[in-house]
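Structural overview
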Amino acid sequence: MTREFKRYNSLGEEEALAAAAVVRSGCLSKYVGEWGPDFYGGPEVQSFEQAWREYFAVEHAIAVNSWTSGLIAALGSIKLVPGDEVILPPWTMSACAAAILHWNAIPVFADIDPNTYCIDPASCEALVSDRTRAIMAVDIFGHPADMKALRLIAERHGVVLLSDTAQAPGAYIGDALCGTQGDIGGFSLNYHKHIHTGEGGMIVTNDDSLAERARMIRNHAEAVVAKRPNFSLENMIGYNFRLGEIEAAIGKLQLRKLASQVESRQLIAEQLTEGLSGLAGLCTPFVKPGNTHAYYVYALQVDPDVVGSKSALVERLTLAGVPGLSETYANLHLLPMFQERTAYGSSGFPWTAPFSKPVDYRKGICPVAEDLQDRVYIGFSICEYDLSTSDVEFIVDRFHSVWSEIL
Ligand SMILES: *Cc1c(COP(=O)(O)O)cnc(C)c1O
């Protein structure tokens with residue numbers, strides 16, 4: 001069976017008009033890469049940052065040209081030094097680990113919670129060493145990481161807590177929007193995320209000094225420090241991580257749509273969960289009490305003893321007309337870069353450098369994440385579509401029909 005599903009599109013006439021207005025203004029980016037009034041960017045960038053600050057009730061929001069850039073700037077701002085270890089989950093985007101390597105620091109992978117897919121605080125704490133500098137929490141698939149437990153661990157060991165909320169803007173932890181509970185964190189604004197500017201990202205922090213360091217890294221710090229007396233040069237190898245004015249103008253409008261957009265996904269997810277909940281050997285997404293889920297991915301788990309191999313199941317469901325299924329996510333520690341330890345040149349740097357301590361990337365270090373990937377997890381990429389009630393009914397019906405064939 002086939003059915004066309006409408007691709008999700010958050011852009012409307014208002015974004016087109018805002019982009020046109022920026023073009024007509026003649027200024028697509030106002031940044032200057034030296035110290036002065038234009039060091040912090042043009043009017044659209046600055047008002048987008050202000051809107052983000054207000055929305056997320058955070059002291060500083062720093063617009064960047066991608067969240068990958070944001071991760072590099074955030075990690076640089078905490079004065080990560082070569083050989084430092086950063087603990088992160090293997091279920092996240094490769095950019096998280098690459099940004100750590102970028103500073104010649106060492107990614108250390110902790111296992112994930114089998115229900116939320118976020119970093120497991122106990123596994124994380126067991127990996128804290130005298131080299132640990134930071135914990136990177138990722139609110140994966142739209143579910144907040146356990147920031148309360150991670151905050152306690154960070155405090156116990158005197159390490160920094162970073163957050164990656166690329167997939168969970170608009171999710172809540174208690175009464176607070178997720179993404180601002182770390183020392184520094186941020187969001188992605190790429191095409192595939194809840195709201196987007198094509199490419200883009202936003203760093204958030206309540207710490208003045210981290211914020212200023214991130215702004216420096218964003219805009220050619222190495223050339224700017226000379227005119228900023230007393231500014232520490234550490235990690236001030238600056239970049240051009242600047243977001244353009246058109247993207248910022250679009251971003252402001254996108255931000256206004258975030259809450260309703262997340263709400264509509266929550267309704268779709270509820271309808272899906274209701275329709276799928278009776279199927280034997282299938283578990284619908286878990287939402288930890290006190291949290292809300294922003295549903296970037298609608299994650300399912302199967303019991304292979306009941307439904308057989310998940311590959312065969314995904315194939316059947318796809319043939320039956322269910323869109324957007326995938327049977328794997330990520331196990332970053334198993335990527336060739338970590339298995340072969342090839343990053344800078346071929347000498348194994350930074351792992352082989354005298355400042356680094358040995359680290360284990362063998363299969364088996366994250367048994368929960370690996371078992372989910374190998375036997376249990378199926379993702380439905382809910383973010384790709386604008387599903388109507390009847391689309392969801394169709395999908396639910398297709399699941400039931402496949403279940404009646406296999407059981
Ligand atoms: C998308 C994403 C990123 C990278 O963001 P970009 O803006 O594409 O650079 C990082 N982490 C996670 C969890 C993501 O989903």
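Just above sits the structure.
Residues numbered from 1 in each chain as written. Predicted model: local features only at pLDDT ≥ 70, side-chain atom pairs only at ≥ 80, totals over all residues. Heavy atoms only, no water.

Right, let's talk about the overall build of the protein for a bit. Regarding its fold elements, the protein presents 14 helices and 13 strands. Against the globule reference of 22 Å for 407 residues, the protein gives a C-alpha radius of gyration of 22 Å, in line with a compact fold. C-alpha extents for the protein along the principal axes are approximately 70 × 55 × 40 Å. Going through the 407 residues of the protein one by one, you find that 54% of them count as buried. Counted over contacts in the protein with a minimum sequence separation of 6, partners at least 24 positions apart contribute 71%. When the accessible surface of the protein is totalled, it reaches about 16,600 Å², and 54% of it is carbon and sulfur. If the 32 positive side-chain charges of the protein are averaged to one point and the 49 negative ones to another, these points end up 5 Å apart. (Helix = DSSP H or I, 4+ residues; strand = E, 2+ residues; numbered from the N terminus. Rg over C-alpha atoms; globule rule 2.2 N^0.38 Å. Buried < 20%, exposed > 50% of the residue type's maximum accessible area, 1.4 Å probe, protein only. Contact = heavy atoms within 4.5 Å. Areas by Shrake-Rupley, 256 points an atom, 1.4 Å probe, with all protein chains shown as cover. Lys, Arg positive; Asp, Glu negative; His and termini not counted. Charge placed at Lys NZ, Arg CZ, Asp CG, Glu CD.)

The next point concerns the sheet that holds strand β11 (residues 298-302). Pairing within the open sheet is antiparallel, and its four strands lie in the order β10-β11-β13-β12. Unpaired on one side and paired on the other, β10 (282-283) and β12 (325-326) mark the two borders of the sheet. (Pairing = 2+ DSSP bridges.)

Direction vectors running N to C along helix α3 (residues 67-77) and helix α7 (residues 208-218) enclose 130 degrees, while the axes themselves pass 8 Å from each other. The pairing of α3 with α7 is recorded here as oblique in orientation. The handedness of the crossing between α3 and α7 is right-handed. Along the contact surface, α3 presents Ala73, Gly76 and Ser77, while α7 presents Leu210, Arg213, Ala214 and Ile217. Residue composition of the contact of α3 with α7, grouped by class: four nonpolar, two polar and one charged. (Axes fitted to C-alpha atoms, helices over the stretch in contact; angles between N-to-C directions. Parallel < 35°, antiparallel > 145°, perpendicular 65-115°, else oblique. Left-handed = near helix turned anticlockwise from the far one by under 90°. Nonpolar A, V, L, I, M, F, W, Y, C, P; charged D, E, K, R; others polar.)

Along strand β3 (residues 106-109), one buried face is formed by Ile106 and Val108 and the opposite face, lined by Pro107 and Phe109, is buried too. Alignment of strand β2 (residues 85-88) against β3, held across four bridges, turns out to be parallel. Following the sheet pairing, valine 86 is matched in β3 by proline 107. Following the chain from β2 across helix α4 (residues 94-102) to the adjacent parallel β3, one finds a crossover that is right-handed. (Right-handed = clockwise from strand over helix to strand, strands pointing away.)

Most of strand β5 (residues 160-164) sits inside the fold, with five of its five residues counted as buried. Pairing analysis gives five bridges linking strand β4 (residues 132-138) to β5, with the strands arranged parallel. Looking across to β5, one finds that valine 138 is bridged to aspartate 164. What joins β4 to β5 is helix α6 (residues 147-157), and the crossover it makes is right-handed. By the bridge criterion, three bridges tie β5 to strand β8 (residues 184-188) in an arrangement that is parallel. Bridge assignment links aspartate 164 to a residue of β8, and that residue is glycine 186.

Attention now moves to the sheet that holds β8. Read across the sheet, seven strands follow the order β1-β9-β8-β5-β4-β2-β3 without closing on themselves; strand pairing throughout is mixed. Two strands bound the open sheet, and with one partner strand each, they are β1 (60-64) and β3. Pairwise comparison of adjacent strand axes, ignoring direction, gives a mean angle of 25 degrees for this sheet. Looking at chain direction, β1 and strand β9 (residues 201-205) are connected through five bridges and run antiparallel. Among the inter-strand pairings, alanine 63 is bridged to a residue of β9, identified as methionine 202.

Another point: the site of the ligand. Taken together, 14 residues lie near the ligand, and Thr68, Asp164, Ser188, Asn190 and Lys193 sit nearest. In the environment of the ligand, an oxygen atom lies 2.7 Å from a nitrogen or oxygen atom belonging to the side chain of serine 188. One of the side-chain nitrogen or oxygen atoms of asparagine 190 is found 2.8 Å away from an oxygen atom of the ligand. (Near = heavy atom within 4 Å. Polar contact = N/O pair within 3.5 Å; in protein donor to acceptor, adjacent residues only side chain to side chain.)

A few words now on the packing of aromatic side chains. Using the criterion set out here, one finds 30 aromatic pairs in the structure. Ring geometry for tryptophan 52 against phenylalanine 56: centres 5.0 Å apart, planes inclined by 20 degrees, an arrangement best described as stacked. Taken together, the residues tryptophan 52 and phenylalanine 56, both in helix α2 (residues 43-56) and four residues apart, mark about one turn of the helix. A single burial state applies to tryptophan 52 and to phenylalanine 56, both of which are buried. Geometrically, the ring pair formed by phenylalanine 56 and phenylalanine 187 is tilted, given 4.7 Å between the ring centres and 45 degrees between the ring planes. Here the residue phenylalanine 56 occupies a position in helix α2, and phenylalanine 187 occupies one in strand β8, the gap between them amounting to 131 residues. With respect to class, phenylalanine 56 is no different from phenylalanine 187; both count as buried. Cluster of aromatic residues (ring-pair linked, three or more members): Phe5, Tyr295, Tyr298, Phe380, Tyr385 and Phe394. The residue whose ring lies beneath arginine 398 is phenylalanine 394, and the NZ or CZ to ring-centre distance is 5.8 Å. (Phe/Tyr/Trp six-rings, centres within 6.5 Å; stacked < 30°, edge-to-face > 60°. Lys NZ or Arg CZ within 6 Å of the ring centre and 35° of its normal.)

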